[in-house]
Amino acid sequence: MHDLGDMKNWPELQALGLLVALSGNARSIGQAAAALDLAQPNASRSLRNLERDLKVPLLRRSPRGTELTVEGRAVAEWASKVIEAYNTLYAGARAIRDARAGTVKVSASLTVAEYLMPHHLTTFRAAHPKIDIGLSVENSTTVIDRVRRQTCDLGLIESVSLPRDLNAEVVGRDRLMIACAPDFAQAWTKPITAEELAKVPLLVREIGSGTREAIDAALLDAGGVSVAGEYGSNSALRIAAATSVAPAVLSELALRDDFRAGRLLPLPVADDVDLTRELHAVWSNNRRQSPGARLLLEHMVDSVE
């Protein structure tokens, strides 16, 4: 075990750097300060403090300038080894950081991957071009499983309930819509209550998806969802709903183009049907986040309105 001594009396690295500069090409404190991009008054103060702390005369001042004493040259020689060791430490730490930040493995639920990640990836890569993002698309249950098994750095889910064994942060907000073909919408002239909606056969995502969990939770007290069909993709749900099979339950994000084109219409729901939800990033609390994963998480959190 290394003896660290009294850390309170350790000299400042900046002062040691000035001393090394004076032992080399610098012929004055001003030149040494310029080499380290310091203001001369700060450099002079730093060197005075170093002499005081070491209790050794390091500098000889004369009308011709400032030069090192014999003792100062010896200390400068030792200081150069400290500077070299610090540069090795810093370069090594930076290499580890860059290696860990190089690729961030993200597992995202379908809605997040399709409608939120393209924008995030574009803006993030513009800000951090050296960090690559590897994206896999799963349902929310599989995303959570991958985070637990630590086969991805960050998971993005739509689930209403959050795993207690994982860290979580809100990265977006969303709401579900009940979308149907225009001819189906004509039968509804007022907002649908939870009890009424529970009796309407609906096209829904598969069990394990965050969208399915959200509609199940919204209609739980009204008797649960009446399932007309289960689909593993948002596109299949939209197509089926447009052909008047039944209304579909999907994220507002996934339905914008269909609503704009008039292929589907939103059914109004009453206040007792809560279809709002938060989108979360989740990550393991047994694994330290890589710098890249942390940067991506901060980027997404900052974009939440």
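All of these numbers come straight from a predicted model, not from anything done at the bench.

Novice: Mind showing me how you'd approach the overall build of the protein here?
Specialist: Secondary structure summary: the protein contains 13 helices and 11 strands in total. Taking 2.2 N^0.38 as the reference for a compact globule, 305 residues should give roughly 19 Å; the C-alpha atoms of the protein span a radius of gyration of 31 Å, well beyond that estimate. With the principal axes as the frame, the protein shows a C-alpha extent of 100 × 40 × 30 Å. Taken over 305 residues, the protein has a buried fraction of 42%. Long-range pairs, those at least 24 residues apart, make up 74% of the contacts in the protein between residues at least 6 apart in sequence. Surface accessibility of the protein: about 16,900 Å² in total, with carbon and sulfur atoms responsible for 52%.

Novice: Even after reading the chapter, I still don't get the nonpolar core, so can you show me in this structure?
Specialist: As a rule of thumb, soluble globular proteins bury nonpolar side chains together. Among the nonpolar cores identified, the biggest contains 22 residues, and Ile133, Leu154, Leu156 and Leu296 are the most heavily contacted of them. Of all elements in the fold, only strand S3 (103–109), helix H5 (110–115), helix H6 (117–127), strand S5 (154–157), strand S11 (276–284) and helix H13 (291–302) reach the threshold of two or more residues within this core. Looking at this core, the element that brings in the most residues is H13, giving four residues. Once residues lying within four places of it in the same chain are set aside, the contact partners of Leu296 are Val104, Val106, Phe124, Ile133 and Leu154. By size, the runner-up hydrophobic cluster in this structure holds 20 residues, among which are Leu19, Ala21, Leu50 and Ile83.

Novice: What is the right way to look at the environment of Leu202 in this model?
Specialist: With respect to the element layout, Leu202 can be found in strand S7 (residues 202–205). Taking the C-alpha atoms as reference points, Leu202 and Ile215, 13 residues apart in sequence, are found 10 Å from one another. Beyond its immediate stretch of four places on either side in the chain, Leu202 contacts Ile178, Leu197, Val225, Ser226, Val227, Ala228, Gly229, Pro247 and Val249.

Novice: Hey, could you run me through H6 in this one?
Specialist: Of the residues making up H6, those classed as buried are Met117, His120, Leu121 and Phe124. Down the axis of H6, the buried set is contained in an arc of 95 degrees. They therefore lie on one face. Opposite the packed face of H6, turned more than 90 degrees from it, sit the exposed residues His119, Thr122 and Ala126. For H6, the secondary structure elements touched by its buried residues are H5, strand S4 (132–138), S5, strand S6 (166–180) and H13.

Novice: Just to check I follow, could you spell out the packing of H6 against H13 for this structure?
Specialist: Axes are the key here: two packed helices are described by the angle between their axes and the distance separating the axes. As a packed pair, H6 and H13 sit with axes 11 Å apart at the nearest point and diverge in direction by 115 degrees. For the element pair H6 and H13, the recorded crossing hand is right-handed. Seen from H6, the contacting residues are Met117, His120, Thr123 and Phe124; seen from H13, they are Gly292, Leu295, Leu296, His299 and Met300. The residue inventory of the contact of H6 with H13, partitioned by class, reads five nonpolar, four polar and no charged.

Novice: In this structure, what is going on with the confidence of the model for the protein? I would like to understand it.
Specialist: Close inspection of predicted coordinates is inappropriate in any region flagged by low pLDDT. Summary statistics for the protein give a mean pLDDT of 86 and a share of 92% for residues scoring 70 or more. Confidence, read as mean pLDDT per element, is least for helix H4 (residues 70–101) in the protein (74) and greatest for S5 (95).

Novice: Help me out: how do you make sense of a nonpolar patch on the surface in this one?
Specialist: Taken together, the side chains of Leu13, Val82, Tyr86, Leu89 and Tyr90 make up a nonpolar region of the molecular surface, amounting to roughly 460 Å² of accessible area. The leading source of residues in the nonpolar patch is H4, at four residues.

Novice: So what exactly am I meant to see when it comes to the pairing of strand S1 (residues 59–62) here?
Specialist: Summarising the sheet, S1 and strand S2 (residues 65–68) pair through four bridges and their orientation is antiparallel. Paired with Arg60 across the two strands is Glu67, which belongs to S2. Here S1 hands over to S2 after two residues, the two strands then running antiparallel side by side.

Conventions used here
Residues numbered from 1 in each chain as written. Predicted model: local features only at pLDDT ≥ 70, side-chain atom pairs only at ≥ 80, totals over all residues. Heavy atoms only, no water. Helix = DSSP H or I, 4+ residues; strand = E, 2+ residues; numbered from the N terminus. Rg over C-alpha atoms; globule rule 2.2 N^0.38 Å. Buried < 20%, exposed > 50% of the residue type's maximum accessible area, 1.4 Å probe, protein only. Contact = heavy atoms within 4.5 Å. Areas by Shrake-Rupley, 256 points an atom, 1.4 Å probe, with all protein chains shown as cover. Core = buried A, V, L, I, M, F, W, Y, C linked by side-chain atoms within 4.5 Å. Arc of directions from axis to C-beta. Axes fitted to C-alpha atoms, helices over the stretch in contact; angles between N-to-C directions. Left-handed = near helix turned anticlockwise from the far one by under 90°. Nonpolar A, V, L, I, M, F, W, Y, C, P; charged D, E, K, R; others polar. pLDDT = per-residue confidence, 0-100. Patch = residues over 30% accessible without salt bridge, like charges linked within 9 Å, V, L, I, M, F, W, Y side chains within 5 Å. Salt bridge = Lys/Arg side-chain N within 4 Å of Asp/Glu carboxyl O. Pairing = 2+ DSSP bridges.

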